[in-house]
Every structure is written in C-alpha cells, then in structure tokens.
Amino acid sequence: MRSAGVLAILACLLFVGNPVAAQAADHPSSDLELTRDDILERGKSWIDERVPYSQSSWHTNRFGTYRQDCSGYVSMAWGLHQVRWTGNIMEVAHRIDKQDLLPGDALWLHGSSTQHMALFVRWADSARTRAVVWEEYRTGTVASERTWSASRTSRFNAIRYDNVLEGDAKTCATVQLSYTEYPALAAGASGDLVRAAQCLLIKAGYNTGEDGPSGTFDASTADAARQFRASVGLPAAGEVDAHTWTALLSAGSTPMLQNGSSGSAVLRVQRALNAAQSAGLAVDGQYGPKTVAAVRDYQSAKGLGVDGIVGPNTWKALQAGR
C-alpha cells in the first residue's frame, strides 16, 4: 500500500483551482437533513452506476452533480450544498469513537502524506477492526465496496455528518426546517411546523411515533418534547415553545462563527435566533451584518459578552434554550 496506496489517497486532494462554483447550481440549496437510509441510497447510486474516479470530471444523477473523487463522493452521499474535501469536511461533521460507527458515517484522514475519506457501511469482523466502505479510490477504478485491513482502518478517524437524522424518519429529508418565525406548538397543532419539530426531535434521538413526521402534534410528540426539554434543563412540559425551538434548532457541533462564516452551523444559528427572539433572519447559511446584529442583540438580552461572535458561551445559551 505504501507506494500505490499513498498515491491513490493523495489523488483525492490534488485537484486544481476551485471546481465548486461551476457546479453549484446542481447541488441542493443547503446541506440536506438525511437519514442513514437516505445516505446509503445516495451512496449506492454511484456504486450501481460504476462511476469512474476522476479529479476533473463531475457525475450527474438524480442526486445532483458532484466531483468524481473521494470527497466528491462523500459530499454527494451526505447531500452537501458544496463539494467538500478532506481539509474542510469537518465544517459539516464531527468526530466520534470508531466503535460507534454506523452505516452512513465516514472514515477520514487529513495528514501531510495522506488525505482520503470513505463512506462507512459495516464492520467485516466482530472485533470491529476491519471496515467495509464505499469509496472512490483512485484513477482507473470505479466507485465500489472495499474491505479495509485492520491496519488501514486504524489509521483513519471516524466522523459523523452533522445533519444525519437518526431513527426511522425517511421523509424528514424533504421537511423544511427554515422559517423566519417559530410559533409555540402543543397538543392539537398540525402542519409543516409540527413536521419540522418532529424531525428535530427525531434527530435529537427522541421517538415521535412509528410513522415519523406525521405533522400532527400527538401524544408521542408531546412525550418526545417533554423528554428533550428535560435533557437540556427546561421544565418537562409536552410542548415546543420558543425555548424548545431554540435548543432544538441550535443542537449539534459548536464551531466559532463570525462575520464571513458560512455553512450548516450558520444555518442552525440563524434558525435558533429566529426562534429565540423573532430575529426575522433570512436562513441562507451566510454570516453577514444582519446575523452579526442579531447575535449581538441575543447576547445583550442574555447577559453575555456582546461581540457578535458565536463562541462557546453563546452556543451554550442557545443549546440550553435560553
């Protein structure tokens, strides 16, 4: 592996220029919220279509247009708005323990001599040392399933897409989460906002019923809301009020964000600010002057240091539903 393998891995990184802008129109408008079944369905499409590895070519199917290398493949499977590479994939993912890997997670390495990522499918052995992956591997190969050796698997980090939806909720992939207002919801409510709340609760690990996001605020949804509220320190009530929305919408990784930042974490902050204080922000994933002003207003209202930057204290307040 040391010669051919390293060259193949490096090939995932060595593209020239920035190919993203020319193809962005064929991507989703923002990073998708996907279940593990959704991710595997997307990943399997390139396996079935035998998409050849290429640093310069782009493949189009029903899931969009993505570059045909290792990072383009994972970007496609995760439904990313922007094709990522090993150097910035962690803007939309977080590390997990390797023993906690689930189908649809990824194995990733970004080092001085090795840059590569692959979609995790399953373990090849009961000891969980040899990973079975789907990947775009190197020039001359096509997207395929490969079983890594224990030594190769051990070198890689386990990562999880920030927007993965846990549980049986396939239809959450098409549920709208971005609104300028988030009214309180309780028993008897129905509609798209209820579906959004249900999908957020499912993503947080709480069951809202066998049928996933039904759009009806029933007893299962109330119980899920009650459990979630208790988990973040809110009174255990079976409702989704402004505090619950704020905590649900901001849940996830906590990178430092400031003027000029972009991506899925910015989307979460914009949604949470719209819930917390009716900020009326356009949820576009771009941290511009209006988002800076809304953050400063929130920090002032909550007694935080007012700097317009979403750092640890601001994230902590948002994720506690303050």
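These numbers come from a predicted model, not from an experiment.

1. Here's the deal with the overall build of the chain
Line of reasoning, step 1. Check the secondary structure of the chain and you find 11 helices and 10 strands.
Line of reasoning, step 2. Here the chain holds 322 residues, and 52% of them are scored as buried.
Line of reasoning, step 3. Sequence-distant contacts, at least 24 apart, represent 55% of the contacts inside the chain between residues at least 6 apart.
Line of reasoning, step 4. When the accessible surface of the chain is split by element, carbon and sulfur atoms take 50% of a total near 13,600 Å².

2. Overview of the pattern of salt bridges
Line of reasoning, step 1. For the coordinates displayed, the defined rule picks out 13 salt bridges.
Line of reasoning, step 2. The salt bridge involving glutamate 41 is made with arginine 62; its shortest N-O contact spans 3.7 Å. Here the residue glutamate 41 occupies a position in helix α3 (residues 36–49), and arginine 62 occupies one in the loop between β2 (58–61) and β3 (64–67), the gap between them amounting to 21 residues.
Line of reasoning, step 3. The exposure class of glutamate 41 is partly exposed, given its relative accessible area of 35%.
Line of reasoning, step 4. Two residues, arginine 195 and aspartate 192, come together in a salt bridge whose shortest N-O distance is 3.1 Å. Linking arginine 195 with aspartate 192, this pair stays in helix α6 (residues 192–203), spanning 3 residues, or about one helical turn.
Line of reasoning, step 5. Several salt bridges converge on common partners, so that one network encompasses Glu33, Lys203 and Arg271.

3. Things to note about the pairing of strand β7 (residues 131–135)
Line of reasoning, step 1. The buried fraction of β7 amounts to 5 of the 5 residues, a majority that puts the element mostly inside the structure.
Line of reasoning, step 2. The alternating pattern of β7 places Ala131, Val133 and Glu135 and Val132 and Trp134 on opposite faces, both of which are buried.
Line of reasoning, step 3. Pairing analysis gives 4 bridges linking strand β6 (residues 115–123) to β7, with the strands arranged antiparallel. The partner of tryptophan 123 across the bridge, within β7, is alanine 131.
Line of reasoning, step 4. Of the strand pairs in this sheet, β7 and strand β8 (residues 144–147) are connected by 4 bridges, and their pairing is antiparallel. Paired with glutamate 135 across the bridge in β8 is serine 144.

4. Notes on helix α4 (residues 70–77)
Line of reasoning, step 1. Most of α4 is tucked away, with 8 of its 8 residues classed as buried.
Line of reasoning, step 2. Those residues of α4 that sit buried are Cys70, Ser71, Gly72, Tyr73, Val74, Ser75, Met76 and Ala77.
Line of reasoning, step 3. For α4, the elements touching its buried residues are β1 (34–35), α3, β3, β6 and β7.
Line of reasoning, step 4. At the C-terminal side of α4, glycine 79 shows a positive phi close to 70°.

5. A closer look at the packing of aromatic side chains
Line of reasoning, step 1. The final tally for this structure, using the stated rule, is 7 aromatic pairs.
Line of reasoning, step 2. Between tryptophan 148 and phenylalanine 156 the ring centres are 4.6 Å apart and the planes differ by 45°, which places this aromatic pair in the tilted class. Summarising the burial analysis for this pair, tryptophan 148 and phenylalanine 156 share the class buried.
Line of reasoning, step 3. Between tyrosine 179 and tyrosine 182, the aromatic rings sit 5.9 Å apart at their centres with planes inclined by 85°, giving edge-to-face as the arrangement.
Line of reasoning, step 4. What makes tyrosine 182 buried here is its relative accessible area of 6%.

6. Some words on the packing of helix α8 (residues 242–250) against helix α9 (residues 264–277)
Helix-helix packing is described using two parameters, namely the angle between the two axes and the distance between the axes.
Line of reasoning, step 1. Running from amino to carboxyl end, α8 crosses α9 at an angle of 175°, the nearest separation of the two axes being 8 Å. Regarding the angle of α8 to α9, the classification is roughly antiparallel. Here α8 contributes Ala242, Trp245, Thr246, Leu249 and Ser250 to the contact with α9, which in turn contributes Arg268, Arg271, Ala272, Ala275 and Ala276.
Line of reasoning, step 2. Considering only residue class, the contact of α8 with α9 consists of 6 nonpolar, 2 polar and 2 charged.

Rules of the game
- Per-chain numbering applies: the sequence of each chain, read as written, is numbered from 1 onward.
- This being a predicted model, a pLDDT of at least 70 is required before a residue's local features are given, and a value of 80 or more before pairs of side-chain atoms are given or counted; all residues contribute to the totals for chains, interfaces and linings.
- To get the side-chain values, all heavy atoms of the structure are used, and hydrogens and water are removed first.
- Secondary structure follows DSSP: runs of H or I at least 4 residues long count as helices, runs of E at least 2 residues long count as strands, and numbering of each begins at the N terminus.
- Each residue's exposure class comes from its accessible area (1.4 Å probe, protein chains only) as a fraction of the maximum for that residue type: buried when under 20%, exposed when over 50%, partly exposed otherwise.
- Any two residues whose heavy atoms approach within 4.5 Å at even a single point are treated as in contact.
- Where accessible areas are quoted, they stem from the Shrake-Rupley method and a 1.4 Å probe; at the residue level, only the protein chains shown are allowed to cover.
- Throughout this description, the term salt bridge denotes a Lys or Arg side-chain nitrogen within 4 Å of a carboxyl oxygen of Asp or Glu.
- In this analysis, strands are considered paired if DSSP registers two or more bridges between them.
- The criterion for an aromatic pair is that two Phe, Tyr or Trp rings (for Trp, the six-membered ring) have centres within 6.5 Å, with stacked assigned to planes under 30 degrees apart, edge-to-face to planes over 60 apart and tilted to the rest.
- Note on geometry: axes are C-alpha line fits, over the in-contact stretch for helices, and angles between N-to-C directions span 0 to 180 degrees.
- When describing relative orientation, an angle under 35 degrees is termed roughly parallel and one over 145 degrees roughly antiparallel, while 65 to 115 degrees is termed roughly perpendicular and anything else oblique.
- Residue polarity is assigned by list, with Asp, Glu, Lys and Arg as charged and Ala, Val, Leu, Ile, Met, Phe, Trp, Tyr, Cys and Pro as nonpolar; anything else, Gly included, falls into the polar class.

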